[in-house]
Amino acid sequence: MQWLEGLWTREGAGIDKDAPRPTGLALFFDILKREWWELVKLNLLFLIASLPLVTIPAATMATARVSRSIVSDENTYLLRDFLEAFQRYAWRGTVLMLACAAMTVACAYAVISYAKAVPDALIYSHPLAISLVMTLFISVSSAYAIVLTVTRDLPLTSLFRQAALLALVKPLPMLAALAFVAALWLAHILFYPVSVFMPVTINFSLGIFAICFAARHIEKRDPQGAH
């Protein structure tokens, strides 16, 4: 059984310290090529931990914490790190994700309502545009908040403030990451049933990994603000 234990507890793959460091998308695919099997196992851990449903926020935070370590090229012991993060961020992650979900649903409801009203009165096109912008802003802020939660030890008020500031200062990397996540699920829908195993093998962990990669400029030290 030692091989099975080693599958989950051994240190993740490293990189040659003398190799030139890729940047941008090249870095993303370099990490993905090196760590794809760890992401598959991480996806499986996420699914198992999410089975009670109420544990989805904690499982999301645990997946984000491990993904953050992979992006930062830190030593990663998959099962140990996942379980530690699952326990550590259970309460905070639940509060955070419920708040983000409530704001996102409210914005989406506003978008749908104004979109239905626009054909009857063009005056609603203004609030529709504002609702669309706010939906994107809340989505980007929520993604940054998830990464901040597993990166810095901040009160929730400071966490939301810094996430909102990051969404204003650096929206494009996170928008690209969210578009990548949407593309993953769109591919699953378009190529179903060939793509039936995508959520089981990679979709969740790869999506969270992309979000953590987009926020890799966030440092672990706790500065007074985002720059």
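Enquirer: Could you give an account of the layout of surface pockets, naming the residues involved and the relevant values?
Expert: The computed volume of the largest pocket comes to approximately 510 Å³. Around the largest pocket, the lining comprises 18 residues; the ones closest to its centre are Thr60, Met97, Ile146, Val181 and Ile211. Contributing elements (two or more residues each) for the lining of the largest pocket: α5 (90–117), α6 (125–149), α8 (171–190) and α9 (198–214). Per-element accounting of the lining of the largest pocket gives the leading share, five residues, to α9. Of the residues contributing to the lining of the largest pocket, the split by class is twelve nonpolar, six polar and no charged. For the second largest pocket, the calculated volume is near 240 Å³.

Enquirer: How would you summarise the confidence of the model for the protein if you had to cite specific residues and measurements?
Expert: When pLDDT is averaged along the protein, the result is 88, and 87% of the positions lie at 70 or above. For the protein, the element scoring lowest by mean pLDDT is helix α1 (residues 2–9), at 54; helix α3 (residues 56–71) scores highest, at 96. For residues 221–227, every residue scores under 50 in pLDDT, and the model assigns this stretch eleven contacts once sequence neighbours within four places are set aside.

Enquirer: Tell me about the environment of Ile138, and please be specific about residues and values.
Expert: Structurally, Ile138 can be placed in helix α6. Relative accessible area serves as the criterion here: at 10%, Ile138 is assigned to the buried category. Look past the residues within four positions of Ile138 in its chain and what remains in contact with it is Cys100, Met103, Thr104 and Cys107.

Enquirer: Before we move on, could you go through the packing of aromatic side chains and cite the residues and values that matter?
Expert: Counted under the stated rule, the structure contains ten aromatic pairs. Here the aromatic rings of Phe28 and Phe209 are separated by 5.4 Å at their centres, their planes lie at 35 degrees, and the arrangement is tilted. Remark: Phe209 occurs in helix α9 and Phe28 occurs in helix α2 (residues 24–49); sequence separation between them is 181 residues. Like Phe28, the residue Phe209 is buried in the burial classification. Ring centres of Phe209 and Phe213 lie 6.4 Å apart, and the angle between their planes is 35 degrees; on these two criteria the pair is classed as tilted. Separated by four residues within a single helix, Phe209 and Phe213 lie in helix α9, roughly one turn from each other. Residues Phe209 and Phe213 agree in their burial class; the two are buried. Directly above the ring of Phe213 sits Arg216, whose terminal nitrogen or CZ lies 4.1 Å from the centroid.

What counts and what doesn't
Residues numbered from 1 in each chain as written. Predicted model: local features only at pLDDT ≥ 70, side-chain atom pairs only at ≥ 80, totals over all residues. Heavy atoms only, no water. 1 Å grid on protein atoms, 1.4 Å probe; cavity = no way out; pocket = protein on both sides within 12 Å on 5 of 7 lines; lining within 4 Å. Points joined across faces, edges and corners; volume = space filled by probe spheres on them. Helix = DSSP H or I, 4+ residues; strand = E, 2+ residues; numbered from the N terminus. Nonpolar A, V, L, I, M, F, W, Y, C, P; charged D, E, K, R; others polar. pLDDT = per-residue confidence, 0-100. Contact = heavy atoms within 4.5 Å. Buried < 20%, exposed > 50% of the residue type's maximum accessible area, 1.4 Å probe, protein only. Phe/Tyr/Trp six-rings, centres within 6.5 Å; stacked < 30°, edge-to-face > 60°. Lys NZ or Arg CZ within 6 Å of the ring centre and 35° of its normal.

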